[in-house]
Structures are given as structure tokens and as C-alpha cells.
Amino acid sequence: GTGNKLQGVDGGSHGGSGQPKRPPALSCHACAIGLRDRPARSACAIDRTEAVTRASAHPATLDASLTMDEPRATPERPVGPTQRATVATQASPGLREAAAVWWRIGVLSFGGPAAQIALMHRTLVDERRWLSEREFLDALGFCMLLPGPEAMQLATLAGRRLHGVRGGLIAGGLFVLPGALVILILAALYAQLGALPWMQALFNGVQATVVVIVLDALLKVGRRALHDTLDRTIALSAFVALFALAIPFPIVIGGAALLGVLRARRAPATPATTGGPVRPHERITLVRTLRTAGIWLLIWWLPLLGIAALDLEPLWWQLGSYFSLLATLSFGGAYALLAWMVQDVVHGFGWLDAAQMLDALGLAETTPGPLILVTEFVGYLAAHRQGGWWWGVAGAAITLWATFVPCFLWIFALAPWIDRLSASATVRAALSAITAAVVGVILNLSLWFALQVFFGQIERPSIGALVPWVPVWSSVQPINLALALGAAMLMLRWRWSLLRTLPVMALAGLVFT
């Protein structure tokens, strides 16, 4: 097993102790957002797929590709290839025991995708041994290929493997439920208190911190996603298309994916095998897949179409249809989706203003569950404006439905195809190009947020074919600039955690605004 090098992972070099070398920092943009650099908790989807493919004959490399910050629950013993593939699948839990574990994971899932994935790995692989290392890696790589929050989808897929469809529903639902309840409470409080001067002063500090959070995400994604000139060209083109040309987000992501497919077809062909599954293959038929997809399409759309048919409230249909579209095209992580959502929510529908959108992101960053729960906050405030508290709850519920029900469709319909999709060079190349485009998308989001926070007025004049955002320089906000500088010092220089930085900066906003 010596000399087998994986991208970003030293897979086969062993010293005298026989232990694999410690891998470098995270390489996946979706797992890096919002976190400090730390030893790798998960490799990126592309790296993981290649790791599984290349390491099938050298199982020690799999262990090197997922090193945790915390020590293992028991000392690792040398095992052979057959043992390593099955050591983590000793016994299946009861459904009640599994539900309690999924609830605990949902409550503790702070810190973004990387921390959530690490928590699931420690719980499911190291402590409970419900999944093998190989199964976990395959499942993670597969979820990275899908639209939507990959951590929630990973929980759903793991629950499905343990207890079928019922287990997947319980796992995915309990992963989201604690954070959704917290966001609902925060949105209700914000709707009542957000207009008060002292609350606005608090959120000045939060908004300044959000600018730094997104900038930090941009730096990390850029370091890990831009490997060559074509990647950098795709990123720059995506930024110009969004910021200066106002090209819709789906076209930008679709164009990037197409470039990735073309690059894959021009590359030399290489055999792609996964080394065989750990558990027996499910029976895969197109009819079965289409039947499952059809059932979940009905579950997803029937309530929304019922709202439209009964003409209950136009806003409810707008929320359901818009966030369903978002869920279908949400490749590239939550920050890529936010860039698209901000433009529509603020400048298209006018449901929120820019300051409220910044506040929503700041609150979502500090709660358990996937960051995409920010959509629930948007749904609540948009509906609350028209009908008060009960309408807000209805808007939040519709938004949650449209955001997360599609995730169950992707998992239950496509899970039997996990090995084929994960091993596809074309799919991996398309995802790689989308990842490069996401750098430009997040740069656009960073600049837009910064302009909103640092200037009281911004404009979008037409300059030939260009329609860039331009600040009114006389409206500069020096206090907000100082708050953002302070947040940058705390998070980027002194490496403070987000949960520690946000309260300090909120207090600073209250004191200095």
C-alpha cells in the first residue's frame, strides 16, 4: 500500500509505526464554509469518490481520508481488508434507539456542514458502528452530488440504510426539526422587536460579522476549489455574469456544469470502479426509480397545488413555488444558493430588505441544523407582513416543506444508484466546474453584502451592457466599517469561533451605534 497518493490525502505512505500520515486541512468547499482551518474531517466529494475508487485495494487509505479532531472511542487495532470493510456494521439498532440518536445529532448540529458531518461520523462510525467507514464515505460523496443541504441528506441516507424509508424520514426530519423550531422562535421575536432602535443597533454588529463570515468562506472555497487556469476562468466569469451582467443564477451554474462535462469528455478515459459495495446491491430498475420519484413528486407538489387551486393566498403559492425551484437548483452549497435568493427576495419579490436578509443569515449561522434554514426565516417574515403571527407560521411551514421535501425525493429515488453516480467521471467533472463557479458566486455575494453594510445607498446604473452595483460614496457608514474590521480581527486573526464572536460584535454595535 505504499506510494498510493490521493488528491489532498497521503493515502499509502507509512512510517515505522504503520500508521497513515495525518491529512491536510479540508478540501471541500461545502464542508469548509464558516469553520476555522482544522485537520480534515471530510475530504471533498470528488476526492472522496476517488479515494474510495483507488483505495479499494488499499483499505488503509480510507482511514487516512477521514481523520477527526477527537480521538477515537477505542484504540484502533490493525485489521485486514475484509475486517476493515465490515468492522463498523456489527449490529443494527432499534428504531427507537436510532430516533434518540438522530434527535441528539439534530440538537448538537452547530457549526455548518463540516461540523455536522464530523458529528455524524463520530456517532455512526466510531461510537455506534452502525455504518462502516466505506459506507459513510460513499454516502457522503453521493450526497455532495445532489442539490440541497448535504448534511441533512447524509442523515436521511444513513437512516434509510438502517431502517428503510421510515428510518430515512425519521433521521432527516429530526436532523432539521430542532433548528427549525429555534429559527421559528427567533423569526417571531425579530418580527416583533426588529424595528426597535436598540435591536437595530445590535444587528449592526451582526451584519458587520456576516460580511466577515462570507469573506472567510470565499477565501476557503477559493483555496480549495481553484486548481488551474480553467477553474479560475470559470470563477471570474461567474462573478462578472452575476455582478455586472445580471445573468440569472441557474444559467451561470448550468453553464459551469456544461464546461465541466466538456472537459471530462476531452480528458483521457480512465476506468472507474468502486471496488464493490460493502452491502449487497439493491435491485435497480428504471421503473422502480420512476415510481419512487413519482410518489415523492406528488407528496411534494400536491399541497402546493392545493393552495393554488383553492386560491387561499397568492403569497403562499409564491413561497411554495419559488422555494421549490430553489431546492431543485441548489447546487454548490448554501452560500451559492443565498446569492441567488438574495437577489430575488430583496430586489425581485421585495419580501425582505437587505438589512433583514443580513440579519436572517446572522441568526441562521448561530442555530443548529443546516444553514439553508434561513429560508424559513424569509418565509415567516414575508407572510407576517401581510397577516401577523399565524400567517408567519404558515409561511414558515410552506417554505420548510418546499425546501426539504425534495431532499427526500433525491435520496429515496436515487440512493440505489449511489455507486454508479459516485463513480461517473462526467458527474464528478460537472461538480468540479460548479465548485469553481461557486467561488465567483460567493464573491458576488460578499461584495453585495459589503456594499449593503458599509453604504447607506447603492445604485445599479446601466453602463452599456453592464449593470454593476455602485455605492453612493457620500453615504459611507464608518461605524459599520469599524465593526467589520473588529469582527475580522476576532475571527481571521485571533481565530475566535462564530458563537463567541457574534455576541461580542452585537454588543459592540449596541454600544457604538
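It should be emphasised that the depicted structure is a prediction, and the values quoted were computed from it without experimental measurement.

Scoring rules and cut-offs
- Chains are numbered independently. Their residues run from 1 in the order of the written sequence.
- With pLDDT at 70 or above as the cut-off, local features in this predicted model cover only qualifying residues; side-chain atom pairs require 80 or more to be listed or tallied, and sums for whole chains, interfaces and linings still use all residues.
- The side-chain quantities take in all heavy atoms of the structure and omit both hydrogens and water.
- Numbering of helices and strands runs from the N terminus, with a helix taken as a DSSP run of H or I at least four residues long and a strand as a DSSP run of E at least two residues long.
- The cut-offs for exposure are 20% and 50% of the maximum accessible area for each residue type, with area from a 1.4 Å probe on protein chains only; residues under the lower value are buried, those over the upper are exposed, and the others partly exposed.
- Contact definition: two residues touch when any of their heavy atoms are within 4.5 Å.
- Using a 1.4 Å probe, the Shrake-Rupley method yields the accessible areas, and only the shown protein chains count as cover for residues.
- The nonpolar core is taken to be a set of buried Ala, Val, Leu, Ile, Met, Phe, Trp, Tyr and Cys residues, with the residues joined through side-chain atoms within 4.5 Å.
- Patch membership requires more than 30% relative accessible area and the absence of a salt bridge. Residues of like charge join within 9 Å; the nonpolar side chains Val, Leu, Ile, Met, Phe, Trp and Tyr join within 5 Å.
- Any Lys or Arg side-chain nitrogen located within 4 Å of an Asp or Glu carboxyl oxygen qualifies as a salt bridge.
- In this analysis a 1.4 Å probe is tested at points of a 1 Å grid over the protein atoms alone, and where it fits but cannot get out there is a cavity; an open set with protein on both sides within 12 Å along at least five of seven lines is a pocket; lining residues have an atom within 4 Å of a point.
- Grid points are joined across faces, edges and corners, and a volume is the space filled by probe spheres set on the points.
- Each residue is assigned to one class: nonpolar for Ala, Val, Leu, Ile, Met, Phe, Trp, Tyr, Cys and Pro, charged for Asp, Glu, Lys and Arg, and polar for all the others, Gly among them.
- The convention is simple: Lys and Arg are positive, Asp and Glu are negative, and His and the chain ends are not counted.
- Axis angles are defined between N-to-C directions and span 0 to 180 degrees, where every axis is a line fitted to C-alpha atoms and, for a helix, only to the segment in contact.
- Geometric relationships in this document are graded by angle, where less than 35 degrees denotes roughly parallel, more than 145 denotes roughly antiparallel, 65 to 115 denotes roughly perpendicular, and other angles denote oblique.
- Note on convention: the crossing is left-handed when the near helix lies turned anticlockwise from the far helix by less than a right angle, right-handed when the turn is clockwise.
- Any helix carries an expected span of 1.5 Å times its number of residues minus one.
- The criterion for an aromatic pair is that two Phe, Tyr or Trp rings (for Trp, the six-membered ring) have centres within 6.5 Å, with stacked assigned to planes under 30 degrees apart, edge-to-face to planes over 60 apart and tilted to the rest.
- As a reminder, the over-ring test applies to NZ of lysine and CZ of arginine, requiring each to be within 6 Å of the ring centre and within 35 degrees of the ring normal.

## Some words on the overall build of the chain
(1) Moving on: Helix and strand counts for the chain stand at 21 helices and two strands.
(2) Moving on: When the 513 residues of the chain are sorted by exposure, 55% land in the buried category.
(3) Moving on: Put simply, 73% of the contacts in the chain that link residues at least 6 apart link residues at least 24 apart.
(4) Moving on: For the chain, the exposed area adds up to about 21500 Å²; of that, 65% sits on carbon and sulfur atoms.

## Things to note about the nonpolar core
(1) Moving on: Counting residues in hydrophobic clusters, the biggest one holds 142 residues, and the most contacted among them are Trp102, Met120, Trp351, Met357 and Phe449.
(2) Moving on: When near neighbours in sequence (up to four residues on either side) are disregarded, methionine 357 contacts Leu338, Met341, Val342, Val345, Val346, Leu352, Val374 and Val378.

## Looking at a nonpolar patch on the surface
(1) Moving on: A grouping of Ile185, Leu189, Leu193, Leu196, Trp198, Ile479, Leu507, Leu510, Val511 and Phe512 is seen on the molecular surface, where their side chains present a nonpolar patch of about 930 Å² in accessible area.
(2) Moving on: At four residues, helix 21 (residues 498–512) tops the list of elements feeding residues into the nonpolar patch.
(3) Moving on: A residue is classified by how much of its surface remains accessible, and isoleucine 479, at 39% relative accessible area, is partly exposed.

## Topic: empty space enclosed by the protein
(1) Moving on: Applying the stated rule across the entire model yields three cavities of 30 Å³ or more.
(2) Moving on: When its volume is computed, the second largest cavity comes out at roughly 80 Å³.
(3) Moving on: Contributing to the lining of the second largest cavity are 14 residues, with Leu326, Ala327, Ser330, Leu337 and Thr403 lying nearest its centre.
(4) Moving on: Secondary structure elements with two or more residues in the lining of the second largest cavity: helix 13 (314–328) and helix 17 (389–414).
(5) Moving on: Of the residues contributing to the lining of the second largest cavity, the split by class is 10 nonpolar, four polar and no charged.

## Some points on the pattern of salt bridges
(1) Moving on: Here the structure, examined in full by the defined rule, presents six salt bridges.
(2) Moving on: Where glutamate 127 meets arginine 122, a salt bridge forms, and the shortest distance between an N and an O atom there is 3.9 Å.
(3) Moving on: Among the charged side chains, a network of salt bridges with common partners joins Asp228, Asp231 and Arg263.

## Some details on the side chain of glutamate 376
(1) Moving on: Structurally, glutamate 376 is set in helix 16 (residues 374–387).
(2) Moving on: For the buried glutamate 376, no salt bridge is present, and the opposite-charge side chain at shortest range is arginine 385, 17 Å distant.
(3) Moving on: Beyond its immediate chain neighbours, meaning those up to four positions away, glutamate 376 contacts Ala180, Ile183, Leu184, Ala396, Thr399 and Leu400.

## Remarks on the packing of helix 9 (residues 197–225) against helix 20 (residues 478–493)
(1) Moving on: The N-to-C vectors of helix 9 and helix 20 enclose an angle of 50°; their axes lie 8 Å apart at closest approach. Classified by the interaxial angle, the pair formed by helix 9 and helix 20 is oblique. The handedness of the crossing between helix 9 and helix 20 comes out as right-handed. On helix 20, the residues that touch Asn204, Gly205, Ala208, Thr209, Val212, Ile213 and Asp216 of helix 9 are Asn480, Leu483, Ala484, Ala487, Ala488, Met491 and Leu492.

## Focus on helix 13
(1) Moving on: Taking 1.5 Å per residue, 15 residues should reach 21 Å; helix 13 reaches 21 Å between its end C-alpha atoms and fits that length.
(2) Moving on: Within helix 13 the residues assigned to the buried category are Leu315, Trp316, Leu319, Gly320, Tyr322, Phe323, Ser324, Leu326 and Ala327.

## A look at the packing of helix 5 (residues 95–107) against helix 6 (residues 112–127)
(1) Moving on: Packing of helix 5 against helix 6 brings their axes to within 10 Å, and their N-to-C directions diverge by 155°. The pairing of helix 5 with helix 6 is recorded here as roughly antiparallel in orientation. Considering the relative orientation of helix 5 and helix 6, their crossing is right-handed. Within the contact between the two elements, helix 5 uses Val101, Trp102, Arg104 and Ile105 and helix 6 uses Leu119, Met120, Thr123 and Leu124.
(2) Moving on: By residue class, the composition of the contact of helix 5 with helix 6 is six nonpolar, one polar and one charged.

## Focus on the packing of aromatic side chains
(1) Moving on: What the rule picks out here adds up to 19 aromatic pairs.
(2) Moving on: Aromatic side chains tyrosine 322 and phenylalanine 349 sit 5.2 Å apart centroid to centroid with 70° between the ring planes, which places their arrangement in the edge-to-face category. Placement of tyrosine 322 in helix 13 and of phenylalanine 349 in the loop between helix 14 (334–348) and helix 15 (354–365) is noted, with a sequence separation of 27 residues between them.
(3) Moving on: Of the residues examined, phenylalanine 349 reaches a relative accessible area of 36% and is grouped as partly exposed.
(4) Moving on: An aromatic cluster of three or more residues is present, and its members are Trp300, Trp301, Trp317 and Trp410.
(5) Moving on: The ring of tryptophan 496 has arginine 500 lying over it, and the distance from NZ or CZ to the ring centre is 3.8 Å.

## Observations regarding the environment of phenylalanine 512
(1) Moving on: Looking at the secondary structure, you find phenylalanine 512 in helix 21.
(2) Moving on: Judged by its relative accessible area of 57%, phenylalanine 512 falls in the exposed class.
(3) Moving on: Considered as a pair, phenylalanine 512 and glycine 205 are 307 residues apart in the sequence and their alpha carbons are 9.3 Å apart.

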